[in-house]
Amino acid sequence: MLPNTGKLAGCTLFITGASRGIGKAIALKAAKDGANIVIAAKTTQAHPKLPGTIYTAAEEIEAVGGKALPCVVDVRDEQQISNAVEKAVQKFGGIDILVNNASAISLTNTLETPTKRVDLMMSVNTRGTYLTSKACIPYLKKSKIAHILNLSPPLNLNPIWFKQHCAYTIAKYGMSMCVLGMAEEFKGEIAVNALWPKTAIHTAAMDMLGGSGVESQCRKADIIADAAYSIFSKPKSFTGNFIIDENLLKEEGIKNFDIYAVKPGHPLLPDFFLDEYPQMVTKEVEKQQDAAPPAKDWKQYLQQPKLAAGAVEETFKILNTALSEDIVKATQAVYLFELSGEDGGTWYLDLKNNGGNAGSGQPSEPVDVVMTMTTSDFVKMFSGKLKPTMAFMSGKLKIKDYPKLGI
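Calculation notes
- Residues numbered from 1 in each chain as written.
- Predicted model: local features only at pLDDT ≥ 70, side-chain atom pairs only at ≥ 80, totals over all residues.
- Heavy atoms only, no water.
- Phe/Tyr/Trp six-rings, centres within 6.5 Å; stacked < 30°, edge-to-face > 60°.
- Helix = DSSP H or I, 4+ residues; strand = E, 2+ residues; numbered from the N terminus.
- Buried < 20%, exposed > 50% of the residue type's maximum accessible area, 1.4 Å probe, protein only.
- Lys NZ or Arg CZ within 6 Å of the ring centre and 35° of its normal.
- Polar contact = N/O pair within 3.5 Å; in protein donor to acceptor, adjacent residues only side chain to side chain.
- Contact = heavy atoms within 4.5 Å.
- Salt bridge = Lys/Arg side-chain N within 4 Å of Asp/Glu carboxyl O.

> Could you clarify how one ought to interpret the packing of aromatic side chains in this entry?
Given two aromatic rings, one states the distance between the centres and the angle between the planes to describe the pair. Across all of its chains, the model carries 14 aromatic pairs by this definition. Pairing Trp161 with Phe273 gives two aromatic rings, centres 5.9 Å apart and planes at 55°, and the pair type is tilted. Note that Trp161 is positioned in helix α5 (residues 160-163) and Phe273 in the loop between α9 (245-251) and α10 (280-291), a separation of 112 residues in sequence. Like Phe273, Trp161 is buried. Ring geometry for Tyr173 against Phe273: centres 5.1 Å apart, planes inclined by 55°, an arrangement best described as tilted. Taken as a pair, Tyr173 in helix α6 (residues 166-185) and Phe273 in the loop between α9 and α10 lie far apart in primary sequence, 100 residues in all. Since its relative accessible area comes to 4%, Tyr173 is described here as buried. Here the aromatic cluster, defined as three or more aromatic residues joined through ring pairs, consists of Trp161, Phe162, Tyr168, Tyr173, Trp196, Phe272 and Phe273. When the ring centre of Tyr229 is taken as origin, the NZ or CZ atom of Lys29, which lies over that ring, is 5.2 Å away. A cation over a ring is seen here: Lys234 above Phe238, with NZ or CZ 5.2 Å from the ring centre.

Right, dumping it as structure tokens:
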């Protein structure tokens, strides 16, 4: 992991949503340098499924050497933001770094997203980021460090990221657009950047989204904390960047990323808004289907209102022809698919042994991951029509470890 250098000693960080998860991880990393942390979050009592409050976070921060100021802040409330900023300045003398981490998520399509959910996401993600930045900027201008960091993605206009959850994408991209505008507006005074994970990060919120077993597909929040720490160590001229955690840490000399994995060596779930994903085989399948003869035109399966009989079997035939030692070497996992619907059943994809293998039934080797989905969505995923991330986040794909066979 990225070592602490003491560079943030005495600096004041104002972090929204710092009572748990990524926000708290960034706070603890800075606190180890002896930084002052303003915990700007609204949780004063622990939630049954989302443990942690601004007060328990403050105890952890002070236990590792930092100073903490817990403030009750709902970023939808401009007055609460203003009050917290005033308290921070009174207690610590100023603000050096702002981390806009607070966020709301609803992975629902247009007709299934209630207006109150739309308002929540817009108010927390876009408006909350804007208002908190606005309140902190007068003090950031006085700092020698002066950083704003938004936990938001690169602006990727691929329609796939809007199709299933338009409201969430708009709200999240609003945070990124704040980076785009403010980096230019305050160039030379304040560094403004965005940070986003390459893979899913294990948090209590992720457990609620992904269900039991999802943690093995994730990295720890420590990787985001290390990347944020690296950004804070850079000069004000480092601004207007949309940074991916792994890419930045590779530049810092980190080579072993298993240290960040919840379950080292286990396949990782790619995060939203990034077109790259580890399932190399999907691209190979697309090449195969493009080269397939007209009599077996793959796209015919997707154009039919009802899945054609044999589509799953045909998919696995194409998968088998697409496998290679390079794909196996890059993936190193055995997948079991529990498919429901017509032409369903149990199928496997071995991307761990020899040159790889795929077919029906149980594999001869121990299974690493079980994926549960409909046959229709399976075909779409392996033909490139449905991104694995989208399938998982929308609930079409459920992922779990394979403890039930004891292998």
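Now that the structure has been shown, the text picks up again.
> Looking at this structure, I do not really get the side chain of Asn125. What am I missing?
Structurally, the position occupied by Asn125 is in helix α4 (residues 115-140). Taking the relative accessible area as the measure of exposure, Asn125 reaches 0% and is therefore buried. Of the polar contacts made by the side chain of Asn125, one reaches the backbone nitrogen of Ala104; its length is 2.7 Å. Once you skip the residues sitting within four places of it in the chain, Asn125 turns out to touch Ala102, Ser103, Ala104, Tyr168, Ala171, Lys172 and Met175.

> Would you take a moment to explain the pattern of salt bridges for this structure?
One side chain can pair with another of opposite charge once the charged atoms of both are near each other. Applying the stated criterion across every chain yields a total of nine salt bridges. Among the ionic pairs, Lys24 bridges to Glu60, the shortest N-O distance being 3.0 Å. Taken together, the residues Lys24 in helix α1 (residues 21-31) and Glu60 in helix α2 (residues 54-63) connect sequence positions 36 residues apart. For Glu60, a relative accessible area of 32% corresponds to the partly exposed category. One salt bridge in this structure joins Lys141 and Glu189, with 3.9 Å as the shortest N-O distance. Of the two residues, Lys141 is situated in the loop between α4 and β5 (147-150) and Glu189 in the loop between α6 and β6 (191-196); the sequence distance between them amounts to 48 residues. Looking at Lys141, the relative accessible area reads 41%, which means it is partly exposed.

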